[in-house]
Amino acid sequence: PTPLIRNGSCVAQCSDPLPLNQQGTCVAQCTDPVPLNQDGVCVAQCSGAKPLNQSNTCVDRCTSPATPFNQSLVCVAACADPLPFVLNATMCVQQ
């Protein structure tokens, strides 16, 4: 694996208090141009059909009680137009 930079030192992986890999540098929080956290790596957008939660983290599914529904790959509190209906208690759909 490619070494990462953490506080000026080369490391094999990022860890607290700088747990995220942003373009080869360990950081506490992802920022532009790669503001999202997917599996500890900062990315521009979620891949693999993973929805984005309110913490700017790509997740396998929306599990937060505050935002339990997946609407167009974003975790939301309630489904709305153009996908106003809930399928399987998790996914917002058209009908």
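Placed above this text is the structure.
Residues numbered from 1 in each chain as written. Predicted model: local features only at pLDDT ≥ 70, side-chain atom pairs only at ≥ 80, totals over all residues. Heavy atoms only, no water.

**Concerning the side chain of asparagine 21**
- Position of asparagine 21 among the secondary structure elements: in strand S3 (residues 20-22).
- Note on asparagine 21: relative accessible area 19%, which makes it buried.
- If near-sequence neighbours (up to four positions away) are discounted, asparagine 21 is found in contact with Leu4, Cys14, Gly40, Val41 and Cys42. (Helix = DSSP H or I, 4+ residues; strand = E, 2+ residues; numbered from the N terminus. Buried < 20%, exposed > 50% of the residue type's maximum accessible area, 1.4 Å probe, protein only. Contact = heavy atoms within 4.5 Å.)

**Points about the pattern of salt bridges**
- For the coordinates displayed, the defined rule picks out 2 salt bridges.
- A salt bridge links lysine 50 to aspartate 39, with the shortest nitrogen-to-oxygen separation between them at 3.4 Å. Taken together, the positions of lysine 50 in the loop between strand S6 (41-43) and strand S7 (69-71) and aspartate 39 in the loop between strand S5 (36-38) and S6 put the pair 11 residues apart, joining distant regions of the chain.
- We classify aspartate 39 as exposed; its relative accessible area is 60%.
- Here lysine 50 and aspartate 60 are joined by a salt bridge, their closest N and O atoms 3.1 Å apart. Of this pair, lysine 50 sits in the loop between S6 and S7 while aspartate 60 sits in the loop between S6 and S7, and the two are 10 residues apart along the sequence.
- Judged by its relative accessible area of 15%, lysine 50 is buried.
- It is possible to trace a salt-bridge network through shared partners that takes in Asp39, Lys50 and Asp60. (Salt bridge = Lys/Arg side-chain N within 4 Å of Asp/Glu carboxyl O.)

**Side note on unusual backbone geometry**
- Looking along the chain, the bond that leaves aspartate 32 and enters proline 33 is cis, with omega of 10°.
- Between aspartate 81 and proline 82 the backbone carries a cis peptide bond, its omega angle lying at 5°.
- For asparagine 7, which is not a glycine, the phi torsion comes out positive at approximately 55°.
- Relative to the assigned elements, asparagine 7 resides in the loop between strand S1 (4-6) and strand S2 (9-11).
- The phi torsion at alanine 89 lies on the positive side, around 60°, for a residue other than glycine.
- Considering the arrangement of structural elements, one finds alanine 89 in the loop between strand S9 (85-87) and strand S10 (91-93).

**Some details on the state of the cysteines**
- If you walk through the whole model with that rule in mind, you get 5 disulfides.
- The residue that forms a disulfide with cysteine 14 is cysteine 26, at a sulfur-sulfur distance of 2.1 Å. Torsion about the S-S bond of the cysteine 14 and cysteine 26 cystine: about -85°, corresponding to left-handed handedness. Of this pair, cysteine 14 sits in the loop between S2 and S3 while cysteine 26 sits in strand S4 (residues 25-27), placing them 12 residues apart in sequence.
- A residue is classified by how much of its surface remains accessible, and cysteine 26, at 5% relative accessible area, is buried.
- Taken in N- to C-terminal order, the disulfide-linked cysteines of the chain are connected 1-2, 3-4, 5-6, 7-8, 9-10.
- Here cysteine 10 stays free of any disulfide, with the sulfur of cysteine 26 as its closest cysteine sulfur at 10 Å. (Disulfide = S-S within 2.5 Å.)

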